[in-house]
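Residues per chain, in single letters:
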Amino acid sequence: MRSSKALWLTLCLLVTTVFAQAAESRELVFLNWQDYMDPEILVEFEQRTGIAVKQSYFDSDTSRDELLLETEGKGFDVVLINGASIRILAKRGWLEPLDESSIPNLVHVDPRWRSAFEKAEEYGVPYFWGTLGIVYRKDLVPFEVTSWMDLLQPVAELRGKIAMIGDSADMIGVALKALGYSLNSTDRQELKEAEALLHAQAPAVKTYRYISLNEDSALLSGQIAMSMMYNGDTRMLQEHSDNVAFVLPEEGSNIWTDYLGVLRASTRKADAKRFINFLNEPEIAARLARYVYYATPNQAAEALLPASFRDDQVIYPTGEALDNSEAYSRLPPRAKKNRAVIYSRLVN
């Protein structure tokens, strides 16, 4: 009798342990940019579903790709992907196909953004879109910034107070735009000129890392006076200072689209799709847009946003600079290798 009771207690303990472990394992790992998700929305998702979302961060598209290459996409469930990288990750077999049968709220997403890049419609769900420009401190820069050359050929007093994004596409792309070329150029002479421009700038650069967006940001402390920055991030910094300004340079820039993807190596694909579907509920997507200050591709969410948000020309740029801007396109392998060599010479 006592042995039967002991066995019953042991079995109960084992069952309880198994269920506890199962509950604890209901966690998704989301590989994302820092400050690109409203933590309250993650809390609401967990309250609704019992699924926690843990974020892991990268600081450039290049570093994200290197991390995925090292892990072969294992250890993550949901990943934030720039449009130009979707085809590459899909070709490697790392991404799970996504469609309206698994993400019903895709019906709210503007078809323009769903198909903006090769393989995007099959493997990604549009998250936000925006531009790349220059953020600067009006009280530290003695003129109105209008051109990429203001950043790439900085005046003497800005030496050591420049920040660049440590990403080969963005760095080389803005140098090409500054020179009047396409950011997708494969012309060797044009790339040579872009590299020379970036090398000449290098002594003025304090960091090739993306600057933080909180109250401890180097831009707010004055350690950095001017930097490359994605448009909506400026609004986060402006919460702390009226001296922060943003410009989409007159030469034009990159128009980007970020996507959410599910990694094929994930053991929680169904939960990952449920999370992406939740983020595309119109009310949730509208809240998220207001938190990160970016243009949402979710049309139903956009209709819920105040006119002041939709009319903000930092978030929704207009004019000649936008006309001169372009998205990244697929480059031949030789051209990609050439850019990788240029980038390594600049930052290593």
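Above this text you will find the structure in question.
Residues numbered from 1 in each chain as written. Predicted model: local features only at pLDDT ≥ 70, side-chain atom pairs only at ≥ 80, totals over all residues. Heavy atoms only, no water.

A. Spatial organisation of the overall build of the protein. From N to C terminus, the protein includes 17 helices and 9 strands. Each of the three principal axes of the protein carries a C-alpha extent, and together these read 90 × 45 × 40 Å. For the protein, the residues scored as buried account for 53% of the 348 residues in total. For the protein, restricting intrachain contacts to residue pairs at least 6 apart in sequence, the fraction spanning at least 24 positions comes to 74%. Counting only carbon and sulfur atoms, one obtains 50% of the accessible surface of the protein, whose full area is about 16,200 Å². Side-chain charges of the protein comprise 37 positive and 48 negative groups, with the mean position of each set lying 8 Å from the other. (Helix = DSSP H or I, 4+ residues; strand = E, 2+ residues; numbered from the N terminus. Buried < 20%, exposed > 50% of the residue type's maximum accessible area, 1.4 Å probe, protein only. Contact = heavy atoms within 4.5 Å. Areas by Shrake-Rupley, 256 points an atom, 1.4 Å probe, with all protein chains shown as cover. Lys, Arg positive; Asp, Glu negative; His and termini not counted. Charge placed at Lys NZ, Arg CZ, Asp CG, Glu CD.)

B. Fine view of the packing of aromatic side chains. Applying the stated criterion across every chain yields a total of 18 aromatic pairs. The interplanar angle of 20 degrees and the centroid separation of 5.4 Å between the aromatic rings of Tyr210 and Tyr230 together place this pair among those described as stacked. Taken together, the positions of Tyr210 in the loop between strand E6 (205-207) and helix H10 (218-221) and Tyr230 in strand E7 (residues 226-230) put the pair 20 residues apart, joining distant regions of the chain. Given the relative accessible area of 16%, Tyr210 is considered buried. Linked through ring pairs, Trp33, Tyr36, Phe58, Tyr127, Phe128, Tyr210, Tyr230, Trp256 and Tyr294 together constitute an aromatic cluster. Positioned above the aromatic ring of Phe58, the side-chain terminus of Arg64 is 5.5 Å from the ring centre. (Phe/Tyr/Trp six-rings, centres within 6.5 Å; stacked < 30°, edge-to-face > 60°. Lys NZ or Arg CZ within 6 Å of the ring centre and 35° of its normal.)

C. Inspection of the packing of helix H8 (residues 168-178) against helix H17 (residues 333-347) at higher detail. H17 packs onto H8 with a crossing angle of 95 degrees between their chain directions and a minimal axis gap of 10 Å. Our classification of the angle between H8 and H17 gives roughly perpendicular. When H8 is examined against H17, the residues Ser168, Met171, Ile172 and Leu176 are found in contact with a partner set consisting of Arg339, Ile342, Tyr343, Leu346 and Val347. The residue inventory of the contact of H8 with H17, partitioned by class, reads 7 nonpolar, 1 polar and 1 charged. (Axes fitted to C-alpha atoms, helices over the stretch in contact; angles between N-to-C directions. Parallel < 35°, antiparallel > 145°, perpendicular 65-115°, else oblique. Nonpolar A, V, L, I, M, F, W, Y, C, P; charged D, E, K, R; others polar.)

D. Up close: the side chain of Asp271. Mapped onto the elements of the fold, Asp271 is located in helix H12 (residues 269-279). Reaching out from Asp271, the side chain makes a polar contact with the side chain of Arg26 at a distance of 3.1 Å. Contact partners of Asp271, with chain neighbours within four places excluded, come to Arg26, Leu28, Phe45 and Ile51. (Polar contact = N/O pair within 3.5 Å; in protein donor to acceptor, adjacent residues only side chain to side chain.)

E. Looking closely at the pattern of salt bridges. Summed over the entire model, instances satisfying the criterion amount to 20 salt bridges. For the salt bridge of Arg64 with Asp65, the shortest nitrogen-to-oxygen distance reads 2.8 Å. Classification of Asp65 by relative accessible area gives partly exposed; the value is 22%. The salt bridge involving Arg137 is made with Asp139; its shortest N-O contact spans 2.8 Å. (Salt bridge = Lys/Arg side-chain N within 4 Å of Asp/Glu carboxyl O.)

F. Seen up close, the environment of Glu144. Examined against the element boundaries, Glu144 turns out to sit in the loop between strand E4 (125-137) and helix H7 (148-152). For Glu144, a relative accessible area of 64% corresponds to the exposed category. Sequence separation between Glu144 and Ala245 is 101 residues, and the spatial gap between their C-alpha atoms is 9.5 Å. Excluding residues within four positions of it along the chain, Glu144 makes contact with Tyr136 and Asp150.

G. Focus on the packing of H8 against helix H9 (residues 188-201). Two elements in contact, H8 and H9, have axes separated by 9 Å at closest approach and are oriented at 105 degrees. By the angle class used here, H8 and H9 are roughly perpendicular. Residue-level contacts link Met171, Ile172, Ala175, Leu176 and Ala178 of H8 to Glu190, Leu191, Ala194, Leu197 and Leu198 of H9. Its residues assigned to classes, the contact of H8 with H9 comprises 9 nonpolar, no polar and 1 charged.

H. Focus on the nonpolar core. Phe275 and Leu279 are the most contacted members of the largest nonpolar core, which totals 108 residues. For this core, the leading source of residues is E4, giving 8 residues. (Core = buried A, V, L, I, M, F, W, Y, C linked by side-chain atoms within 4.5 Å.)

I. Expanded view of helix H2 (residues 39-49). Taken together, the buried positions of H2 are Ile41, Leu42, Phe45 and Thr49. All buried residues of H2 fall inside an arc of 100 degrees around its axis, so they share one side. Exposed side chains of H2 directed beyond 90 degrees from the buried face belong to Glu40 and Gln47. Taken together, the buried residues of H2 touch strand E1 (27-33), strand E2 (52-58), H12 and helix H13 (282-292). Measuring from the side-chain oxygen of the N-cap residue of H2 to the backbone nitrogen of Glu40 gives 2.9 Å; that N-cap residue is Asp38. Once H2 ends, the next one or two residues include Gly50, with phi positive near 80 degrees. (Arc of directions from axis to C-beta.)

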